[in-house]
Every structure is written in structure tokens, then in C-alpha cells.
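# Descriptive structure summary
Chain by chain, the residues run as shown.
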Amino acid sequence: MASWALPISDAGDKLGSMKGDSFSVDIFQVATDVASKDSMFVDKETKENLLKKGAPIVYVNYVVTNTSSADIPLSHSLVTPNAKYTDWKYLGGMPSDSSSDGFKKHGLTSSGIKLKEKDPFVLKPGESFNIAENFAYTAGKETEIKATMTPQDAAGDLDHDKKEEAETTVTLK
């Protein structure tokens, strides 16, 4: 585990994994719960909220590991996971519950980083960290997951030339 990272959760069912050129991501379905409030996403035609308070949500945890032989300097964005149902008809991602209480309740982190740590967050070869997200839950749904990692350069800016992506499709339990 990276020294700057919050503890890694080993909870949940492993749904799959994906690989970029210098990193891998193991994907775990940890828990289901209900949304604590309405999301900001509304269907343009029906005006219905896409994630209403009390609607089912799922927590997915991503364990990211440096599989290369080089240090990877990361910004606060670390690795950005993005899950979307394969039949999701809207632009952009799926709505989530932004409340931090649910993450705490299930032993997860939406930031991955210990408080007061400063970037760059150097992920050394073989080191890992985890970051979780939640979104509207439907059991048995095929879900496309992408992870984007954009390292920092020496000046502390994002090095878009070294950006890597990984993707896979998993099925929620």
C-alpha cells in the first residue's frame, strides 16, 4: 500500500479487473444501500430525477496497483473510475449519492488519500491504493468501467501525453 493512501478495503465480491500500460485495477462490488438525497440529474423529457432519495445504489471499490517498474507521480485525481451501464442512454456518467456517510458506513473512501498528504502522490512499483464510487443499482446489469490515469509532470501539472486508460465490462451481482 502507498504511504499516502487510506487503508485498502478487501470487502466485497470481485467483479473483474482491467489493465493499463503501467497499472491494473481490481473491481469489487462491496455493498448496496439507498440514496440519501435526490441527485442533480434529471431526465430532460420526463423531468424525473434519475436517482431519487431512497433509490437503490451500489458501492464499487477499485484497487489500483502500479504494475510497471517506474514510480508514477499522481495528482489529487489519482485514477478516475467511471462506471456506466452498457444501455445507459444519457450523456455523461450515471448519478451517484455524494454523501460521504455511505462511504464511511461501508469502510470505503471516495478520495483514496490520507488527510494532509501533499501531491505528487508517488505510486511506487507494486504499490496499491483504493478509491470507491457509488451509482444507481440494478442487479445483473452489464456495466462498462473505464479508469483514466493522468500522471503529474515535474512542474506539478497533469502530463496528458502520459495519460493511460483501461476498460472492461462487468456484471453487477
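Now for a look at the structure at hand. (Residues numbered from 1 in each chain as written. Predicted model: local features only at pLDDT ≥ 70, side-chain atom pairs only at ≥ 80, totals over all residues. Heavy atoms only, no water.)

Attention shifts here to the pattern of salt bridges. Scanning the model with the defined rule gives 5 salt bridges in all. Between Glu48 and Lys52 there is a salt bridge, with the nearest N and O atoms lying 2.3 Å from each other. Note that Asp87 and Lys141 form a salt bridge whose closest N and O atoms lie 2.6 Å from each other. Remark: Lys141 occurs in the loop between β6 (128-136) and β7 (142-151) and Asp87 occurs in the loop between β4 (72-85) and α1 (100-105); sequence separation between them is 54 residues. (Salt bridge = Lys/Arg side-chain N within 4 Å of Asp/Glu carboxyl O. Helix = DSSP H or I, 4+ residues; strand = E, 2+ residues; numbered from the N terminus.)

Let us look at the nonpolar core. Grouped together as the largest cluster of nonpolar side chains are 33 residues, with contacts concentrated most on Trp4, Ile27 and Phe129. Of all the elements in the fold, those that place two or more residues in this core are β1 (13-19), β2 (23-34), β3 (56-66), β4, β5 (121-123), β6, β7 and β8 (164-171). No other element matches the 6 residues that β4 contributes to this core. Among all residues touching Trp4, those that are not within four sequence positions of it are Leu78, Gly112, Ile113, Lys114, Glu117, Phe121, Val122, Leu123 and Phe129. (Core = buried A, V, L, I, M, F, W, Y, C linked by side-chain atoms within 4.5 Å. Buried < 20%, exposed > 50% of the residue type's maximum accessible area, 1.4 Å probe, protein only. Contact = heavy atoms within 4.5 Å.)

Scanning all chains against the criterion turns up 5 aromatic pairs. Relative to Phe121, the ring of Trp4 has its centre 5.3 Å away and its plane inclined at 55°; by these criteria the two rings are tilted. Taken together, the residues Trp4 in the segment before β1 and Phe121 in strand β5 connect sequence positions 117 residues apart. Since its relative accessible area comes to 4%, Trp4 is described here as buried. When the ring of Tyr85 is compared with that of Phe135, the centres are 5.9 Å apart and the planes differ by 80°; the resulting orientation is edge-to-face. Of this pair, Tyr85 sits in strand β4 while Phe135 sits in strand β6, and the two are 50 residues apart along the sequence. Owing to a relative accessible area of 5%, Tyr85 belongs among the buried residues under this scheme. Pairwise contacts between aromatic rings join Trp4, Phe121 and Phe129 into one cluster. (Phe/Tyr/Trp six-rings, centres within 6.5 Å; stacked < 30°, edge-to-face > 60°.)

Moving on, we come to the sheet that holds β6. The 4 strands are arranged β1-β2-β3-β6 in an open sheet whose pairing can be described as antiparallel. Each edge of the open sheet carries a strand with a single partner, namely β1 and β6. When strand polarity is set aside, the average angle formed by the axes of neighbouring strands in this sheet is 25°. Taken together, the 11 bridges between β2 and β3 define a ladder with antiparallel strand orientation. Considered in β3, the bridge of Phe23 is made with Asn66. (Pairing = 2+ DSSP bridges. Axes fitted to C-alpha atoms, helices over the stretch in contact; angles between N-to-C directions.)

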